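Descriptive structure summary
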Amino acid sequence: MIPPLTAAPAAFPASPDWARDGIAELARLDPDFAGIEAAAGPLPWRSRDPGFPGLLRTICGQMISNQAAAAIWGRVSALPGALDPAGLLALDEVALRGAGLSRPKVAHVRALATAIAEGRLDLVALRAATDIEAVAAISAVPGIGPWTAQVHLLFGFDRRDVFPVGDVALAAGLAHLKGLPERPSQKALVAMAAAWSPWRSLAARLLWHHWRHATGRPAGEAA
């Protein structure tokens, strides 16, 4: 049984009603999810801008800790014009590198800005696309893989059935939750997550929440 909500952390709003219904259903599909909020507290609802700024933020957080990602995003977002594709393209590499982006990530964010500025990637139109179509379109941009696309769909588009199987924290959180001897492989994660459809996004959110609690890490952006 899903415990009643008290209050979400002040930095984040509470889960929307549809998510509460989905969490209750998820607990019926897999009872191991039922006790996460009782131990870790109410699930805080994290969202990102569905457009260029949100996807840019996800790229900034690729393959680094939450704390490092937050620091880099603070510097990148403060650069004049950085949250607009044309404005970011007007910034030189020195400015972007000075904000903390590695040379490959500079190339990736420029590729994203170029794709949007040239009309090859329309994030507004993608909101009406299927999950598979949207992931394929975003992943077609050089340097952006399925994990980045899936995280954007999850936090930017509020999609309900997306599970970023390449996320190490999700694998670690699931292993801890279920007492597995080791982190499941991506193939195993795909198979396990299939049982949580159509609420795989909520499963991911809960597993991140559980893993933060289990490791004593502060609440923050995912992965």
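Look up: the structure comes first, before these words.
Read on for a plain summary of the structure.

Rules used throughout
- The residue numbers shown here count from 1 along each chain, following its written sequence.
- Two thresholds apply to this predicted model, a pLDDT of at least 70 for residue-level local features and 80 or more for giving and counting side-chain atom pairs, whereas whole-chain, interface and lining totals are computed over all residues.
- Heavy atoms from the whole structure form the basis of all side-chain values; hydrogens and water molecules are not counted.
- Burial status follows relative accessibility: with a 1.4 Å probe on protein chains alone, a residue under 20% of its type maximum counts as buried, one over 50% as exposed, and anything between as partly exposed.
- Numbering of helices and strands runs from the N terminus; a helix is a DSSP stretch of H or I covering at least four residues, while a strand is a stretch of E covering at least two.
- By definition in these notes, contact holds between two residues if any of their heavy atoms fall within 4.5 Å.
- We call two N or O atoms a polar contact when they sit within 3.5 Å, provided that within protein one can donate a hydrogen and the other can accept it, with sequence-adjacent residues counted only if both atoms are side-chain atoms.
- Each helix should span, by expectation, one fewer than its residue count multiplied by 1.5 Å.

Moving on, we come to helix α11 (residues 168-178). Because each turn of an α-helix spans 3.6 residues, side chains separated by three or four positions in sequence point in the same direction. Taken residue by residue, α11 has Leu170, Ala171, Ala172, Gly173, Leu174, Ala175 and Leu177 as its buried positions. As for α11, its buried residues are in contact with α2 (36-40), α12 (186-193) and α13 (200-215). Sitting at the head of α11, Asp167 places a side-chain oxygen 3.0 Å from the backbone nitrogen of Ala169. Looking one or two residues beyond α11, the residue adopting positive phi is Gly179, at roughly 65 degrees.

Relative to the 21 Å expected for 15 residues at 1.5 Å per residue, helix α7 (residues 103-117) spans 21 Å between its end C-alpha atoms, a close match to the ideal helical length. Of the positions making up α7, those classed as buried are Lys105, Val106, His108, Val109, Ala111, Leu112, Ala113 and Ala115. Just downstream of α7, Gly119 is the residue with a positive phi angle, here 80 degrees.

Attention now moves to the environment of Leu202. As for its placement among the helices and strands, Leu202 is situated in helix α13. Between the alpha carbons of Leu202 and Val162 there is a distance of 8.5 Å; along the sequence they are 40 residues apart. Ignoring any residue separated from it by four or fewer positions in sequence, one finds Leu202 in contact with Trp18, Ala19, Gly22, Ile23, Leu26, Trp45 and Arg160.

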